[in-house]
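Residues per chain are reported as follows:
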Amino acid sequence: MNEDEKLALLKTILLTDEREYAENISAKINILEETLRERQKLSEKINPIIRDELEEFSASIPQRLGPTITETLKIQIAKSKDEVVEALYPIMGKMIKKYISQELKMLTEKVNATAKETLSLAGLKRKIMAIFTGVSEKEMILSNMVNAQVEQVFLIEKGSGILLGSYQMKDTVDKDMLSGMLTAIKGFVEDAFKEKGHDLQSIEYDLYVIHLHSFHKYYIATAVSGTFTETLEGELESFNLEVSQEINKKDIINHRDQLEELLLKNYSNLKFSNQ
Amino acid sequence: MVSKKIVIVGHFGVGKTSLIRRFVEDVFTEDYKVTIGVHILKKTLIVNDQEVNLILWDTEGTDTIEDIRKAYLLGTHGFIFVCDITRPSTYENIAAQKEYLSSNFNNVPILSIGNKTDLLPKGSISDKKEELDFLDMLVSAKEGNNVNRLFERIAKLLI
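All values derive from a computational prediction rather than experimental measurement. (Residues numbered from 1 in each chain as written. Chains lettered and ligands numbered in written order. Predicted model: local features only at pLDDT ≥ 70, side-chain atom pairs only at ≥ 80, totals over all residues. Heavy atoms only, no water.)

(A) Just the overall build of chain A, in detail. Within chain A, the regular secondary structure consists of 9 helices and 5 strands. Evaluated residue by residue, chain A yields a buried proportion of 27% over its 275 residues. By sequence separation, contacts in chain A at least 24 residues apart represent 51% of the contacts at least 6 residues apart. Entry remark: accessible area of chain A is about 20000 Å², with carbon and sulfur atoms responsible for 59%. (Helix = DSSP H or I, 4+ residues; strand = E, 2+ residues; numbered from the N terminus. Buried < 20%, exposed > 50% of the residue type's maximum accessible area, 1.4 Å probe, protein only. Contact = heavy atoms within 4.5 Å. Areas by Shrake-Rupley, 256 points an atom, 1.4 Å probe, with all protein chains shown as cover.)

As structure tokens, this is what we get:
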């Protein structure tokens, strides 16, 4: 083999390997290009990766984004309270309405069940009382279910609103300031209607009824909890009249200690007829 | 212990609420909040060895006393008429206003006072006092000058 033949052989060996390698690379590039160009093929490759990443991300949302979302929501709610209230109001309203109607339904069922116990001694007693007193049997049952109770009594000087004496089951806000405010409210309402000789008779506050009973120089404000029916209001007014007579008889209107002793003695023992 | 109703009256922004807050809570704030209706506070004082419970009715500012609801003024034991010494319009008709109070509300004691002495140049308070000699006292709700003396004075008049 001469030199030329040797060179030719070497070229053949070298170039054949290079060509095969180049062809191989070219084929791979073609497949890659095809994969990138054709959506379906690209999807087949990428989708599993994205899916895995998404699953991992979803699983880590509570830990990674929870605090940020909570904080953002807090800020947004604080910034737009009115909008939040507006959005929640109908939902809350419906819930409350549903709850109340449910409670009323239960109450009605209870009243009916009690009313049907006609043969029991209590039932007969109630029926007889209803005939004699003119109070409906159902009203009696209702009154018994949520007994009215005198919580606080304030004897307040008319006009000035100065507290003359009080009785209360538990401590409340400043009695002197409360007496002043009650008098201011009473005065405001009576003034607003511009009719003389008429008095504000009650104020409803949360679960309390504040009954106002006017006398010549003072008025008695009584905070009553529970079901305070007109019958009980009549009873309370009769009781107030008796207490007032006792105050006049003993002439203790300006003697706070004696007055409060009398109020305690009387109102702590006050029981309405349905109790 | 005796309780006495004191009603504080006067024009808008003369410092009625600030005066009461300085006396009752010993605080002062520059924020001006309009009083609507009436606000009631109390403080107990010892005057001549006797406890006096002052029930303070802070009324909303009005141009004339007649504009205040009568219901708020009934049974008052003493009035404090507050003026702003830097605004003459708040004390121009003081004599007529005091006359109205005296004739309609049992001739009870009335103290008329000028508030905001803190706004006067230093050393000019005595000159102002001479100029506004129809006022019983000059006070400053902001700095607290004379505020306690004012309420002690009216309490003494009532017992």
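Still more ground to cover, so stick around.
(B) Seen up close, the confidence of the model for chain B. Considering every residue of chain B, the mean pLDDT works out to 92; 100% of them sit at 70 or more. Taken over the whole predicted complex, pTM reads 0.66, whereas the ipTM for its chain interfaces reads 0.84. (pLDDT = per-residue confidence, 0-100.)

(C) The arrangement of the environment of alanine 184 of chain A in detail. By the secondary structure assignment, alanine 184 of chain A is in helix 7 (residues 175-192). Assessed through its relative accessible area of 5%, alanine 184 of chain A is described here as buried. Taking C-alpha positions, alanine 184 of chain A is 7.6 Å from glycine 161 of chain A, a pair spaced 23 residues apart along the chain. Each residue touching alanine 184 of chain A, except ones within four places of it in the same chain, is listed here: Val38, Ile40, Trp57 and Tyr72 of chain B.

(D) A look at helix 1 (residues 16-25) of chain B. Residues and elements named next belong to chain B. Buried within helix 1 we find Lys16, Leu19, Ile20, Arg22 and Phe23. With its buried residues spanning 160° around the axis, helix 1 presents them on a single face. Contacts from the buried residues of helix 1 go to strand 1 (2-10), strand 2 (38-47), strand 3 (50-59), strand 4 (78-84), strand 5 (110-115) and helix 5 (147-158). Within two residues after helix 1, aspartate 26 carries a phi angle of roughly 55°, on the positive side. (Arc of directions from axis to C-beta.)

(E) Broad picture of unusual backbone geometry. The phi torsion at aspartate 251 of chain A lies on the positive side, around 50°, for a residue other than glycine. Looking at the secondary structure, you find aspartate 251 of chain A in the loop between helix 8 (230-250) and helix 9 (256-267).

(F) Region of the structure containing the sheet that holds strand 2 (residues 163-168) of chain A. Residues and elements named next belong to chain A. Reading across from one edge, 2-1-5-4-3 is the order of the 5 strands in this open sheet, with antiparallel pairing throughout. A strand with exactly one partner marks an edge of an open sheet, and here the two such strands are strand 2 and strand 3 (202-205). Direction aside, the axes of adjacent strands within the sheet are offset by 15° on average. Alignment of strand 1 (residues 149-157) against strand 2, held across 5 bridges, turns out to be antiparallel. (Pairing = 2+ DSSP bridges. Axes fitted to C-alpha atoms, helices over the stretch in contact; angles between N-to-C directions.)

(G) The sheet that holds strand 6 (residues 137-138) of chain B, seen in detail. Residue and element names in this part refer to chain B. Judged by pairing direction, the sheet is mixed, and its 6 strands sit side by side in the order 2-3-1-4-5-6 without closing on themselves. Looking at strand neighbours, the two that pair on one side only are strand 2 and strand 6, the edges of this open sheet. The pairing of strand 2 with strand 3 spans 10 bridges and is antiparallel. Residue pairing for strand 3: leucine 41 is matched across the bridge by leucine 56. Where helix 3 (residues 94-104) meets the sheet, its contacts fall on strand 1, strand 4 and strand 5, and the angle it forms with strand 5 comes to roughly 150°.

(H) Layout of the nonpolar core. Residue and element names in this part refer to chain B. With 27 residues, the main nonpolar core has Val9, Trp57, Ile65, Leu73, Phe79 and Leu101 as its most contacted residues. For this core, the secondary-structure elements that each account for two or more residues are strand 1, strand 2, strand 3, helix 2 (70-73), strand 4 and helix 3. Listed in part, the 25 residues of the second largest apolar core include Leu56, Val82, Leu150 and Phe151. (Core = buried A, V, L, I, M, F, W, Y, C linked by side-chain atoms within 4.5 Å.)

(I) Representation of the packing of helix 1 of chain B against helix 5 of chain B in the model. All names here are of chain B. Where helix 1 meets helix 5, the axes come as close as 9 Å, and the angle between the chain directions of the two elements is 90°. Compared by their axis directions, helix 1 and helix 5 come out roughly perpendicular. In this structure, helix 1 contributes Leu19, Arg22 and Phe23 to the contact, and helix 5 contributes Val147, Asn148, Leu150 and Phe151. Here the contact of helix 1 with helix 5 is composed, by residue class, of 5 nonpolar, 1 polar and 1 charged. (Parallel < 35°, antiparallel > 145°, perpendicular 65-115°, else oblique. Nonpolar A, V, L, I, M, F, W, Y, C, P; charged D, E, K, R; others polar.)

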